[in-house]
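The primary structure of each chain is shown beneath.
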Amino acid sequence: MIRVALVGSRAEEMRASLASHGFDVSFVHDADPSLVDVLVALSDAPPFELEPWRGIPSILVANEISNEAIAAAASLRAVDVVLSRDERRLVEAIEEAGTRSRGAGLPSGMELELLRKFLDVAPNSINVCDAAGRFVVVSQSFADFYATTIEDLVGESIETILAPQDLEATRAENAEVIATCRSRVSERDVCDRSGSKRRVSIVKRPLLMDDGTVLVLTVASDVTRRFRTEAALENANDFLKNILETITDAVFALDLSGKFTLVNRRLVELTGLTEPALLATPFTNIFSGQTLHDAKRHISELFEDPRERDFEGRLTHPDGSERIVSCSLLPLMRQDTFVGIVGTAEDVTERHLAQRRIAHLAYHDPLTNLPNRRLLTDRLQIALSQAMRDGRSVALFFLDLDRFKAINDTLGHRVGDLLLQELGTRLRECVRQGDTVARMGGDEFVFVIPGLNRIDEAVSTAEKILETVRRPFIIEGRELSLSACIGMSDFPEHATDADALLRQADIALFECKNGGRDTWRAYTASMSMRSSERQEREADLRRALRDGEFQLYYQPIVNLCSGEICGAEALLRWEHPQRGLLLPDDFIDLAEDTGTIVALGEWALHEAARQNAQWQQAGLGGITTSVNVSARQFGGPIVNTVRSALRSARLDARYLALELSESSLGQSSSSPKNAIAELKSLGVDLTIDDFGTGYSSLLYLERFPLDGIKIDRIFMQGDFSKPAAGFVAGAIISLAAGIGLRVSAEGIETAKQAEFLISRGCTTGQGHLYYAALPPCEMERLLRGDLGDRILA
């Protein structure tokens, strides 16, 4: 009976099939091992374990004719190699092996022929070397690799064909295989005949011959393409990794379980966790609070419907800080199959904070941090809507500080700002938590007091606010006192919409300021009538300025001792088409309040300079024209206005005098001081008008380069025949003489007053005792001497 060793797959199936043909088949391995496992098992086995198989014909049954199959066949000294799916060929091979085994044995020539067939069909390079390094057997693929023939290689030393760098490695590897009788697997670069490097996977196995000689079987597979592909892929991965590390946003990938499989450095910084701690961690675990549930929901939705998802979440850093991130999640598809998730996360914490700051600034006053007009409107609308539903009242207060501008002018805007900040804090403490205190701008504040059952409740709140304002303020070591006026309107008694309530409270405030300070007034219908009249007057005033209805009258200023005319004060008059000639008392306050005084003052300067120049051109002598300058004009280009007026009229500056109000000087900033210095450099005369009626007058005498002072008419009242009469006027004259200033007086009505002023040293003055204010034509006649025998200076 002939026994055939079968190595390969489908063992049980083939055993049954071969048994049906009457073959007795023995198996080297019954566990259906792979060819590599069989080869390693047989090659590494000690010689005595292979003895039972010596002389038994073997057939290798393989799934494919590969390098491993050829190496296994050589190790087993198989007589044939058959594909496992070719059962007919296998039966023929077994019959042929049986015939050979019953004969005198397989001729050596046939064995060599069979080996040659194996080597010719082998797809990879194969060679067998002896211990001396000579080629015993080589395959055609091996010869082709070195661009030579099999005949030229067999029997030659490896030195004749291998490059120097390959020769040393080959010798060392062969020596190791022969010494250990164990297989060796490696991968390295090998040079072909042209010197080009190829990446080769090398399997070396010991072959134990019958005479005890050990040969080295080498099977080499060219893996250059695979190696280059892997290297390119590795380089691409490194490149992509470098890109990921340079991206400012956090980038990550998740598997189908929602766990991190890739993270970049930015995500590590953002979360405060290390890369190993993040990998294999669920994506949702990095979020905190409600956003944890939001993240879980978005991940779940993405699995159900693979479309891009965007959301914002909050991360709690290990240092305790909280960050806000904007996340984008996209499905990762491979051949239309959902295989994972890729995402980005951007730190938007600073952007959120900036948006919050911007929103706060949009609705709050930057100085006091109180609500501004915009937020006030929103809250007032809400309060009115609530009051309509509840049937309650809403009180609206409009507060304006009394004479706050004087504090800014004398102490500076820094002190004024600090005062407003402290006031804002106090005002918040005066009202309930649900009430609103808003700053409208400047020193104006508005209160919204909702949910009132009776208007009396609003009155008590208004009185409480006024009392709070009266308490002294300590600002930078100074004690400052304030008072305020409050205008009140009421919903639904006075109006039912926000704009009307604000307008009515403003009207009540105006009435309060005109009727007395440090108090409050509630709106009444009659106030609207007066307000309407005021608006008409304001429009009338602007029209008059546009249509040229204003005139300048001139009141002569005389030398009190000689009676000579030495100057004239220009005084405004309004030739109203319906009301006739109006004096300044009828319109100056309105012009000041509306700001029209600036344009009116500029016109007066140009007109007075023009008229003076005209008189001089007519040969009427040179007198000085005095023009009053409002404090508001110092907020504009007063120096340029004066320079322009002098240039246009071609008038010498010494013939123009400016009478400055104390309020125009009472500013702590450098602007008035610089303006006065420039005006002096032009050569104009500078006098303080109405001296003694303002604030800190003595300080101004030292601070500014003035030429003179004018005593206000209020100090000229009374019976000058009495000893105490004119005490203040006399003191002013003595003060001015002591510091070298010229003194003039206005409002001289009687000879007694004139005698008093002359006796005290006052040199010039004006009043009805001498002349009333005259229109330009009458003043010209006076200068010509047509109105009397007055002597001109």
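This write-up is about the structure you can find in this document.

The rules we used
- Residues numbered from 1 in each chain as written.
- Predicted model: local features only at pLDDT ≥ 70, side-chain atom pairs only at ≥ 80, totals over all residues.
- Heavy atoms only, no water.
- Helix = DSSP H or I, 4+ residues; strand = E, 2+ residues; numbered from the N terminus.
- Contact = heavy atoms within 4.5 Å.
- Areas by Shrake-Rupley, 256 points an atom, 1.4 Å probe, with all protein chains shown as cover.
- Pairing = 2+ DSSP bridges.
- Axes fitted to C-alpha atoms, helices over the stretch in contact; angles between N-to-C directions.
- Core = buried A, V, L, I, M, F, W, Y, C linked by side-chain atoms within 4.5 Å.
- Buried < 20%, exposed > 50% of the residue type's maximum accessible area, 1.4 Å probe, protein only.
- Phe/Tyr/Trp six-rings, centres within 6.5 Å; stacked < 30°, edge-to-face > 60°.
- Lys NZ or Arg CZ within 6 Å of the ring centre and 35° of its normal.
- Parallel < 35°, antiparallel > 145°, perpendicular 65-115°, else oblique.
- Left-handed = near helix turned anticlockwise from the far one by under 90°.
- Expected span 1.5 Å × (residues − 1).
- Arc of directions from axis to C-beta.
- Right-handed = clockwise from strand over helix to strand, strands pointing away.

**Focus: the overall build of the chain**
Move 1: Secondary structure summary: the chain contains 29 helices and 30 strands in total.
Move 2: Excluding contacts between residues fewer than 6 apart, the proportion of contacts in the chain whose partners are at least 24 apart in sequence is 56%.
Move 3: Carbon together with sulfur atoms contributes 51% to the accessible area of the chain, which is approximately 39700 Å² in total.

**Thoughts on the sheet that holds strand β11 (residues 260-263)**
Move 1: If you trace the five strands from one edge of the open sheet to the other, you get β11-β10-β14-β13-β12, paired in antiparallel fashion. Of all the strands in the sheet, just β11 and β12 (309-316) have a single pairing partner and so form its edges. On average, adjacent strands in this sheet sit at an angle of 30 degrees to one another, irrespective of strand direction.
Move 2: Pairing of strand β10 (residues 250-254) with β11 involves three bridges; the strand directions are antiparallel. Paired with Leu-254 across the bridge in β11 is Phe-260.
Move 3: Each of β10, β12, β13 (322-334) and β14 (337-347) is contacted by helix α13 (residues 290-304), which is oriented at about 145 degrees to β12, the strand it contacts most.

**Thoughts on the nonpolar core**
Move 1: Counting 73 residues, the largest nonpolar core has Val-642, Leu-658, Val-684, Ile-709, Leu-757 and Met-779 as the members making the most contacts within it.
Move 2: For this core, the element with the highest residue contribution is helix α22 (residues 596-617), accounting for eight residues.
Move 3: Not counting residues up to four positions away in its chain, the partners in contact with Val-684 are Val-642, Leu-646, Ala-653, Leu-656, Leu-658, Leu-679 and Asp-707.
Move 4: Counting residues in each nonpolar core, the second largest holds 31 residues, with Leu-423, Ile-449, Phe-473 and Ile-475 among its members.

**Overview of the packing of aromatic side chains**
For any pair of aromatic rings, the description rests on two quantities: the centre-to-centre distance and the angle between the ring planes.
Move 1: Tallying each qualifying case throughout the model produces 14 aromatic pairs.
Move 2: Ring centres of Phe-303 and Phe-338 lie 5.8 Å apart, and the angle between their planes is 50 degrees; this geometry places the pair in the tilted category. You can see Phe-303 sitting in helix α13 and its partner Phe-338 sitting in strand β14, a full 35 residues away along the chain.
Move 3: Phe-338 sits in the buried class, given a relative accessible area of 18%.
Move 4: Connected via pairs of aromatic rings, a cluster forms that spans Phe-252, Phe-260, Phe-283, Phe-287 and Phe-311.
Move 5: The cationic tip of Arg-426 hangs over the ring face of Phe-473; the distance from NZ or CZ to the ring centre is 3.6 Å.

**Examining the packing of helix α27 (residues 727-738) against helix α28 (residues 751-760)**
Move 1: Relative orientation of the contacting elements α27 and α28 amounts to 30 degrees, with a least axis distance of 10 Å. One finds that α27 runs roughly parallel with respect to α28. The two elements α27 and α28 meet at a crossing, and its hand is right-handed. In this structure, α27 contributes Ala-729, Gly-730 and Ile-733 to the contact, and α28 contributes Phe-756, Leu-757 and Arg-760.

**Description of helix α9 (residues 164-180)**
The periodicity of an α-helix, 3.6 residues per turn, causes residues three or four positions apart to be oriented the same way.
Move 1: With 17 residues, α9 ought to run about 24 Å at 1.5 Å a step, and its terminal C-alpha atoms sit 25 Å apart, in line with that.
Move 2: Residues of α9 that are buried include every one of Asp-166, Leu-167, Thr-170, Glu-173, Asn-174 and Val-177, and no others. Projected onto a plane normal to the axis of α9, the buried residues spread over an arc of 140 degrees and lie on a single side. For α9, the exposed residues set more than 90 degrees away from the buried face come down to Pro-164, Glu-168 and Ala-179.
Move 3: Of the surrounding elements, those touching the buried residues of α9 are β5 (125-129), β7 (184-191), β8 (197-208) and β9 (214-222).
Move 4: Positive phi shows up at Cys-181, right after α9, with a value of about 55 degrees.

**Comments concerning the sheet that holds strand β16 (residues 436-441)**
Move 1: In spatial order, the strands read β16-β17-β15-β20-β21; together these five strands make up an open sheet with mixed pairing. A strand with exactly one partner marks an edge of an open sheet, and here the two such strands are β16 and β21 (519-522). Between one strand axis and the next, the sheet turns through 20 degrees on average, direction left out of account.
Move 2: Examined bridge by bridge, strand β15 (residues 393-401) and strand β20 (residues 484-491) share eight bridges and lie antiparallel to one another. Looking across to β20, one finds that Phe-398 is bridged to Gly-487.
Move 3: In the packing of helix α15 (residues 373-390) onto the sheet, the strands contacted are β15, β16, β17 (444-452) and β20, and the crossing angle to β16 comes to about 140 degrees.
Move 4: The sheet contacts of helix α17 (residues 413-429) involve β15, β16 and β17, and relative to β17 the element is tilted by about 5 degrees.

**Digging into α17**
Move 1: With 17 residues, α17 extends 24 Å from end C-alpha to end C-alpha; this agrees with the ideal 24 Å at 1.5 Å per step.
Move 2: All of the buried residues along α17 are Val-415, Gly-416, Leu-419, Leu-420, Leu-423, Gly-424, Arg-426 and Leu-427.

**Observations concerning the pairing of β21**
Successive side chains on a regular strand alternate, one facing one side of the sheet and the next facing the other.
Move 1: Pairing geometry for β20 and β21, over four bridges, is parallel. The residue of β21 that forms the bridge with Ile-486 is Trp-520.
Move 2: In this fold, β20 hands off to helix α19 (residues 498-515), which returns the chain to β21; that crossover is left-handed.

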